[in-house]
Amino acid sequence: MNIGELLSQYGGKYAIALLTTWKLTAVSFALALALGVLITAMRVSPIRPLRIIAGLYVQIFRNIPGVALLIFLVYALPYLNLIFSYQTCVLTATTLIPASFCSEYLMSGMNMIDKGQIEAARALGMRFTHVLRKVVIPQALRNSVLPLTNLLVATMLTTSLASQVPMNPMELTGLVSHINTHSVGGIMAFVISAALYCATAILIGQIGSLIDRKVRIVR
Amino acid sequence: MNSEHKSGAETPVIELRTVNKYFGTHHVLKDVSLSVRQGEVVVIIGPSGSGKSTLCRTINRLETISSGEILIEGQPMPAEGKELAQVRSRIGMVFQSFNLFLHRTILDNVTMAPMDVLHIKRKDAEEEALKLLRQVGIEDQARKVPAQLSGGQQQRAAIARALAMHPKAILFDEPTSALDPEMIQEVLDVMTSLAKSGMTMVIVTHEMNFARNVADRIIFMNDGAILEEGAPDEFFAHPKTERAREFLASFRNEQKESEL
Ligand SMILES: Nc1ncnc2c1ncn2[C@@H]1O[C@H](COP(=O)(O)OP(=O)(O)OP(=O)(O)O)[C@@H](O)[C@H]1O
Ligand SMILES: [Mg+2]
């Protein structure tokens, strides 16, 4: 099929697939961000077991392939009588892995904060959680906008994992497989999805640098 | 007991009893005992590395001590947790490098701890903050972030931030050492008027004229120990120890050189 035929037959489906990819990305990234902040707070907490658990978390999820995690969630967990919907399994994989990277970026964003500010906060009588919430995490986040923007793009690409399981509606990669099994979409079907991924990534990049310029901490 | 009188029986705001501090095997504070009365201004001077900052920092437990005792208003310094934070909130601290919260406005810098720690409502905290910023002469900078202020203005904001907690005492660790010369005086002026208003202050500084003017007592530290202490006139005119004489002489020379 050429691009015209593809679009006239599957245009609506591409639109839905793009929205689905966006939705999966947004949900995964929001959850990953929240989890990443939590893991990071644990990594710097004064309670040793929390630090160890959070450290292990990062080591594990930073270092396993997404597909392996998804296969584990979909095919291994049922043996333990844990059965989740495909969508839940996908979202779990696309959250747990980016969360570990998120924490890594926040840790380096945190290292940019002058220790003096933390001492000043403690000297004012602020307690650990307050110092973290009011001084450390906000600055770590602002220091990490660009790496987190890249993480958002990476998270979007990770949502293609959804193509490995039956999902309804399909996201961009899933749709390509679908088209190629039901008709001969050929390389063109893939190119359209790729273009949509790229366009989204460019948009994310632009918005990211805009935000970075706005919130970056002037020293 | 009548606490109105500045009698010897009055509980000191800050009291250190034979405090020792080691960094590893390095003995940085050696049997330091010190007591600071309500309203007293104590200036600590001494050569670099003599332990002045460390002494300052142990008072609100930014550094732990190896042995000895620190009492704040007669109560032993708690080791950690809520109680420690509570005591810290009553002892202000002003740092050499200002240490303002860079991501927040000057106003937020001043209101953050009162709102978080003392649970004061935003409106009241802001009102108080603006009053304090006026007091240190930077009310018009309230909506800016620290990076938009000069060093002298930042340090005055840091003083306002400390004052907002209504501390019993304020510790100053070389508050003017990071400033360009033309900004030193504006900060010293704020500190002088604080001292006059009766604030209890412990000040580490190399500003000898200022020390002479505001101090009730000078403490000379050398190699981790308090070598000499006394009234400023007495200390500057007749230092008792050879080490203090040398230190003061080196200062006079430096000053002469910079005047040339
Ligand atoms: N965190 C630390 N770890 C190890 N040693 C330290 C630490 N902080 C200070 N010291 C050492 O303790 C000694 C006292 O340091 P301190 O900073 O209290 O001196 P100071 O009198 O404030 O000097 P300066 O006038 O240079 O500020 C120095 O020998 C210093 O090297
Ligand atoms: Mg020092």
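Heads up: the structure comes first, above all this text.
Throughout what follows, the structure given in this document is the object of discussion. (Residues numbered from 1 in each chain as written. Chains lettered and ligands numbered in written order. Predicted model: local features only at pLDDT ≥ 70, side-chain atom pairs only at ≥ 80, totals over all residues. Heavy atoms only, no water.)

### Looking at unusual backbone geometry
Alright, step 1. With omega at 0°, the peptide bond leading from Asn168 of chain A into Pro169 of chain A counts as cis.
Alright, step 2. Along the chain, Pro169 of chain A turns up in the loop between α7 (145-158) and α8 (172-182).
Alright, step 3. Located in the positive-phi region is Thr18 of chain B, a residue other than glycine, with phi close to 35°.
Alright, step 4. At His166 of chain B, a residue that is not glycine, the phi angle is positive and equals roughly 50°.
Alright, step 5. Its location among the elements puts His166 of chain B in the loop between α5 (151-163) and β7 (169-173).
Alright, step 6. Its relative accessible area of 51% is what places His166 of chain B among the exposed residues. (Helix = DSSP H or I, 4+ residues; strand = E, 2+ residues; numbered from the N terminus. Buried < 20%, exposed > 50% of the residue type's maximum accessible area, 1.4 Å probe, protein only.)

### A short note on the nonpolar core
Alright, step 1. Counting 67 residues, the largest nonpolar core has Ile14 and Leu16 of chain B as the members making the most contacts within it.
Alright, step 2. Considering each element in turn, this core owes the most residues, 7 residues, to helix α1 (residues 3-43) of chain A.
Alright, step 3. If we skip the residues at most four places from it in the chain, Leu16 of chain B touches Val32, Ser33, Leu34, Leu55, Thr58, Ile59, Glu69 and Ile70 of chain B.
Alright, step 4. Of all hydrophobic cores here, the second largest spans 50 residues; its members include Val110, Ile138, Leu179 and Ile203 of chain B. (Core = buried A, V, L, I, M, F, W, Y, C linked by side-chain atoms within 4.5 Å. Contact = heavy atoms within 4.5 Å.)

### Regarding the site of ligand 1
All names here are of chain B.
Alright, step 1. Around ligand 1 there are 13 residues in total, and Val28, Ser48, Lys52, Ser53 and Thr54 lie nearest to it.
Alright, step 2. His26 places a side-chain nitrogen or oxygen 3.0 Å from an oxygen atom of ligand 1.
Alright, step 3. Here an oxygen atom of ligand 1 sits 2.8 Å away from a polar atom, N or O, in the side chain of Lys52.
Alright, step 4. If ligand 1 stood free it would expose 640 Å²; the protein chains cover 61% of that surface.
Alright, step 5. Taken together, the elements giving at least two residues each to the shell around ligand 1 come down to β2 (26-36) and α1 (52-59).
Alright, step 6. Top contributing element to the shell around ligand 1 by residue count: α1, with 3 residues. (Near = heavy atom within 4 Å. Polar contact = N/O pair within 3.5 Å; in protein donor to acceptor, adjacent residues only side chain to side chain. Areas by Shrake-Rupley, 256 points an atom, 1.4 Å probe, with all protein chains shown as cover.)

### Notes on the sheet that holds β2 of chain B
The strands that make up a sheet are held in pairs by hydrogen bonds between backbone atoms, and each pair lies either parallel or antiparallel.
Residues and elements named next belong to chain B.
Alright, step 1. Taken in spatial order, the 4 strands make up an open sheet running β2-β1-β4-β5, and their pairing is antiparallel. Unpaired on one side and paired on the other, β2 and β5 (75-76) mark the two borders of the sheet.
Alright, step 2. By the bridge criterion, 7 bridges tie strand β1 (residues 14-23) to β2 in an arrangement that is antiparallel. Looking at the pairing, Lys21 lines up with Leu29 of β2.
Alright, step 3. Here α1 sits on the sheet and contacts β1, β2 and β4 (67-72); the angle it forms with β1, its principal contact strand, is near 120°. (Pairing = 2+ DSSP bridges. Axes fitted to C-alpha atoms, helices over the stretch in contact; angles between N-to-C directions.)

### What to know about the interface of chain B and chain A
Note: interface size is frequently given as the accessible area lost on complex formation between the parts.
Alright, step 1. Across the boundary between the two partners, chain B contributes 26 residues, which contact 21 residues of chain A.
Alright, step 2. Both sides together, the interface formed by chain B and chain A hides about 2,000 Å², and carbon and sulfur atoms give 61% of it.
Alright, step 3. Three residues, Leu102, His103 and Asp116 of chain B, lead the burial of chain B against chain A; their summed loss comes to 30% of the area buried on that side.
Alright, step 4. Across the chain B-chain A interface, the total number found is 2 salt bridges.
Alright, step 5. The partner of Asp116 of chain B in a salt bridge is Lys134 of chain A, and the shortest N-O contact between them spans 3.1 Å.
Alright, step 6. In this structure, the connection of chain B to chain A is made through 6 residue pairs in polar contact (both at pLDDT 80 or more).
Alright, step 7. Within the residue set of the side of chain B that touches chain A, elements represented by two or more residues are α2 (81-89), β6 (91-94), α3 (106-117) and α5 of chain B. (Buried area = accessible area lost by both parts, 1.4 Å probe. Salt bridge = Lys/Arg side-chain N within 4 Å of Asp/Glu carboxyl O.)

### Considerations on the packing of aromatic side chains
Ring pairs (aromatic) are described by centroid distance and by the angle formed between their planes.
Residue and element names in this part refer to chain B.
Alright, step 1. Within this structure, the stated rule accounts for 4 aromatic pairs over all chains.
Alright, step 2. An aromatic cluster is defined as three or more aromatic residues linked by ring pairs; in this entry it consists of Phe220, Phe235, Phe236 and Phe247.
Alright, step 3. The cationic tip of Lys21 hangs over the ring face of Phe23; the distance from NZ or CZ to the ring centre is 4.7 Å.
Alright, step 4. Lying over the aromatic face of Phe101, Arg161 brings its terminal NZ or CZ to 4.7 Å of the ring centre. (Phe/Tyr/Trp six-rings, centres within 6.5 Å; stacked < 30°, edge-to-face > 60°. Lys NZ or Arg CZ within 6 Å of the ring centre and 35° of its normal.)

### Concerning the side chain of Thr200 of chain B
Residue and element names in this part refer to chain B.
Alright, step 1. Within the fold, Thr200 resides in strand β8 (residues 200-204).
Alright, step 2. A residue is classified by how much of its surface remains accessible, and Thr200, at 0% relative accessible area, is buried.
Alright, step 3. A polar contact of 2.7 Å, which involves the side chain of Thr200, links it to the backbone nitrogen of Gly39.
Alright, step 4. Aside from chain neighbours lying at most four places away, what touches Thr200 is Val13, Val36, Arg37, Gln38, Gly39, Glu40, Lys168, Ala169 and Ile170.

### A word on the packing of α8 of chain A against helix α9 (residues 186-215) of chain A
Residues and elements named next belong to chain A.
Alright, step 1. Relative orientation of the contacting elements α8 and α9 amounts to 170°, with a least axis distance of 9 Å. The orientation of α8 relative to α9 falls into the category roughly antiparallel. Residues Leu172, Thr173, Val176, Ile179 and Asn180 of α8 touch α9, and the partners they reach there are Gly186, Ala189, Phe190, Ser193, Leu196 and Tyr197.
Alright, step 2. Taken together, the residues of the contact of α8 with α9 sort by class into 7 nonpolar, 4 polar and no charged. (Parallel < 35°, antiparallel > 145°, perpendicular 65-115°, else oblique. Nonpolar A, V, L, I, M, F, W, Y, C, P; charged D, E, K, R; others polar.)

### Some remarks on α1 of chain B
Residues and elements named next belong to chain B.
Alright, step 1. Counted residue by residue, α1 has 7 buried out of 8 residues, so it is predominantly covered.
Alright, step 2. Of all the residues in α1, the buried ones are Lys52, Thr54, Leu55, Cys56, Arg57, Thr58 and Ile59.
Alright, step 3. Where α1 ends, the next residue or the one after it, Arg61, has phi of about 60°, a positive value.

### Concerning helix α6 (residues 181-196) of chain B
Residue and element names in this part refer to chain B.
Alright, step 1. End to end, α6 covers 24 Å across 16 residues, agreeing with the expected 22 Å (1.5 Å per residue, within 8%).
Alright, step 2. Among all positions of α6, only Met183, Ile184, Val187, Leu188, Val190, Met191, Leu194 and Ala195 are buried. The buried residues of α6 occupy an angular sector of 155° when the element is viewed end-on, so they sit on one face. More than 90 degrees from the buried face of α6, the exposed residues found are Glu182 and Lys196.
Alright, step 3. Buried residues along α6 sit in contact with β3 (41-45), α4 (122-135), α5, β7, β8 and α7 (208-214). (Expected span 1.5 Å × (residues − 1). Arc of directions from axis to C-beta.)

That's the geometry; what it means functionally is another story.
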